[in-house]
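Chain by chain, the residues run as shown.
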Amino acid sequence: MITIPYLTALTTYFSYGLLFAFGQLRDFFRKIFDWWSHNSLEGYAPICLGLEDFYIRRLYLRIQDCFNRPICSSPDAWFDVVERISNDYNKTLKRTTRVDRCLNLGSYNYLGFAAADEYCTPRVIESLKKFSASTCSTRVDGGTTTLHAELEECVANFVGKPAAVVFGMGYATNSAILPVLIGKGGLIISDSLNHNSIVNGARGSGATIRVFQHNTPSHLEKVLREQIAEGQPRTHRPWKKIIVVVEGIYSMEGELCQLPEIVSICKKYRAYIYLDEAHSIGAVGKSGRGVCDLLGVDTADIDIMMGTFTKSFGSCGGYIAGSKELIEYLKHNCPAHLYATSISPPAAQQIMSSIKVILGEDGSSRGAQKLARIRENSNFFRSELQKMGFEVLGDNDSPVMPIMLYNPAKIPAFSRECLKRNVAVVTVAFPATPLLLARARICISAAHTREDLTKALEVISRVGDMVGVKYFPAEPKKQQLEGEGIKMD
Amino acid sequence: MANLYVQATPTTDLNKNTEWFTYPAAWTTYILILFFSWLVVLSVFGCSAGMAWTVVHLSHFVVTYQFFHWKKGTPFSDDQGVYNRLTWWEQIDNGKQLTRNRKFLTVVPVVLYLIASHTTNYQHPMLFFNTIAVFILVVAKFPNMHKVRIFGINADQ
């Protein structure tokens, strides 16, 4: 539930209308110019229809300097951002040799493994020397090393399932697995805010797709009942299978999934459940095992658990964990296993070492400290932002916090002003989010210290005042009054 | 007034080209844009109120016909072209007919027509053009005209 001030909604629509009108006007004049100028590709069909990239040409390119910023150090709590300049109003950007040291509030570095770590990095370098940077082969040809076999066992144990299979890329995991699990005649019911990889995988599978309202188990039940009663479209035969796809933490909202209710509904109607824990594995839960750990759901109730290693483990790749039969079937049929190059050996070693640190098997308590620190940091940051009057989404304990901006002009303003003060934030707009609901998404890391967070809060408060994003009234400072009361006694 | 808040629930519409219309304040913005454009026309041309409403009505006809019923597809390529044969009107609400949004969008040109013809006292050249405009717009929005291309106009190759 996002609460928008009515005036802000009106002005946002109006701003987008104005941007759209100007874009159309410029396109109209461009068409006239192009008709005059000579075209060397006579007779060839155009590669893209003029209207398909309208959004990119006329809206995104205007504020291009707020996205795709190159960095030249590892994405730790502080990192180096390369400055870029443009001579033609942001149509093209050129990298300069100047570099700014900025506070990193955008990387998915939840447990701080993105930079050199005292346990992980020596082992990664050793496996780089032993196995080299790439296996240069698919899993079935020559790309399965001992590291891969160990990694799959390690991941299966960590997640709490009998077996797991690991792929080289997280996005490819979702888009290559869904077509293998379900085909024509099946039904996929997915949350309305699911990630693009799930949407693409579902479209590629050929199954019928229905969407239920974000995180609303009652609507899921309604959709399930309706679809089971109607059956397949036109023939009305019963569905071959039904898979419900949800995510652990939604990356644009910071909200946790209402997993216990959804699992009980799926059990009642005998639908399979597919849980995408890209942002929650390693970052939430008492021992870092994800939303099942946090919400107390038995992992045996979830049929297919998927996750990625990019966020909390400081590596790359994705995994699917499930029963032994399921994983055997996937290994024989999934194109990402049969035809794609296997995960790089140093990356695999990084995952195993970071899992050992999280579980405390390296002999120290750094894993538990990291988990406690990210929880503390997230709760502190979120409560401070809310006290200042920002509209922050997401549940407590979630390290992802979007700050709502709404107006399209506030997106580049917020981003550029923060960068001037050496704080790098990621701003997200349409079409990754709904049109009205543009936001700045902050990802808290266990590598952030209290001073880093205080500096970030100061900068964000100052920029928020300048840009005008404090949509809620700020809470008055109660501590000063209490302090004075005690002194007078 | 600045403290009036509305709740925005995320919709189940996956089409990013049309889901923005389901959020609060869309209808109000539409009506306010029409009203302000009437004021702008009055101040720029200095004509009578009726002529200004006629101008607003006819330019509204041209703009909405172009963007709702002529242009097909979506302005971004993320959806892999699944909507490339559908105009915006055919895309909204996932193709479901007679929803609240569609009823509202059908009523607006009719109300504009009534205002324009009333304020010009139903005089001849303006009345003719206004009637043609509203006739075309309302017929284009009928449920029976869903995906119909008359004489192949605007159909794909």
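As the structure is a computational prediction, the values presented were derived from the model and not from experiment.

Caption draft 1: Representation of the overall build of chain A. When its secondary structure is counted, chain A shows 16 helices and 14 strands. Against the compact-globule benchmark of 23 Å for 489 residues, chain A has a radius of gyration of 24 Å, which places it among compact chains. Its C-alpha atoms give chain A principal-axis dimensions of about 80 × 55 × 55 Å. The buried share among the 489 residues of chain A stands at 53%. Taking as baseline every contact in chain A between residues at least 6 positions apart, the subset at least 24 positions apart corresponds to 70%. Surface exposure of chain A reaches about 22,700 Å², of which carbon and sulfur atoms provide 56%. In chain A, which carries 55 positive and 50 negative side-chain charges, the distance between the mean positions of the two groups comes to 5 Å.

Caption draft 2: How the structure looks around the UniProt feature "transmembrane region" (unreviewed entry) in chain B. Within this structure's numbering, the places UniProt gives as "transmembrane region" (unreviewed entry) are residues 30–56 and 126–143 of chain B. Annotation note: span residues 126–143 of chain B, helix share 83%, strand share 0%, distance between end C-alpha atoms 29 Å.

Caption draft 3: Quick look at the pairing of strand β4 (residues 163–167) of chain A. Residue and element names in this part refer to chain A. Along β4, five of the five residues are buried, which leaves the element largely enclosed by surrounding structure. Burial along β4 is two-sided: A163, V165 and F167 and A164 and V166, pointing in opposite directions, are all buried. As paired elements, β4 and strand β10 (residues 318–322) share five bridges and run antiparallel to each other. Each bridged residue has a counterpart across the sheet, and for V166 the counterpart in β10 is Y319.

Caption draft 4: Structural view of the interface of chain A and chain B. With 38 residues of chain A at the contact, the number on the chain B side is 34 residues. Both faces combined, the contact of chain A with chain B buries some 3,300 Å², and carbon together with sulfur accounts for 66% of it. Joining chain A to chain B, the criterion identifies zero salt bridges. Where chain A packs against chain B, one counts seven residue pairs in polar contact (both at pLDDT 80 or more).

Caption draft 5: Spotlight on the nonpolar core. Core analysis: the biggest nonpolar cluster contains 70 residues, and I4, F381, L385, F414 and I460 of chain A together with L105 of chain B have the highest contact counts within it. If near-sequence neighbours (up to four positions away) are discounted, L105 of chain B is found in contact with F21, Y30, F68, W88, W89, I92 and K141 of chain B. Counting residues in hydrophobic clusters, the runner-up holds 62 residues, among them C120, L147, L151 and L275 of chain A.

Caption draft 6: Fine view of the domain arrangement of chain A. All names here are of chain A. Each domain of chain A was delimited in the assignment, giving domain 1 (8–14 + 48–104 + 368–467) and domain 2 (119–359). Here the C-alpha centroids of domain 1 and domain 2 sit 28 Å apart. In this complex, domain 1 contributes 18 residues to the contact, which on the side of domain 2 involves 17 residues. The junction of domain 1 with domain 2 conceals about 1,300 Å² of combined surface from both sides, 59% of it contributed by carbon and sulfur atoms. Ranking the residues of domain 1 by area buried against domain 2 places L371, D395 and R441 at the top, with a combined share of 35%. Seen at the junction of domain 1 and domain 2, the total is one salt bridge. With its nearest N and O atoms 2.9 Å apart, the salt bridge here joins E253 to R439.

Cut-offs and rules
- Residues numbered from 1 in each chain as written.
- Chains lettered and ligands numbered in written order.
- Predicted model: local features only at pLDDT ≥ 70, side-chain atom pairs only at ≥ 80, totals over all residues.
- Heavy atoms only, no water.
- Helix = DSSP H or I, 4+ residues; strand = E, 2+ residues; numbered from the N terminus.
- Rg over C-alpha atoms; globule rule 2.2 N^0.38 Å.
- Buried < 20%, exposed > 50% of the residue type's maximum accessible area, 1.4 Å probe, protein only.
- Contact = heavy atoms within 4.5 Å.
- Areas by Shrake-Rupley, 256 points an atom, 1.4 Å probe, with all protein chains shown as cover.
- Lys, Arg positive; Asp, Glu negative; His and termini not counted.
- Charge placed at Lys NZ, Arg CZ, Asp CG, Glu CD.
- UniProt positions renumbered as here; feature names shortened; annotations may be inferred.
- Pairing = 2+ DSSP bridges.
- Buried area = accessible area lost by both parts, 1.4 Å probe.
- Salt bridge = Lys/Arg side-chain N within 4 Å of Asp/Glu carboxyl O.
- Polar contact = N/O pair within 3.5 Å; in protein donor to acceptor, adjacent residues only side chain to side chain.
- Core = buried A, V, L, I, M, F, W, Y, C linked by side-chain atoms within 4.5 Å.
- Domains from an automatic or database assignment.

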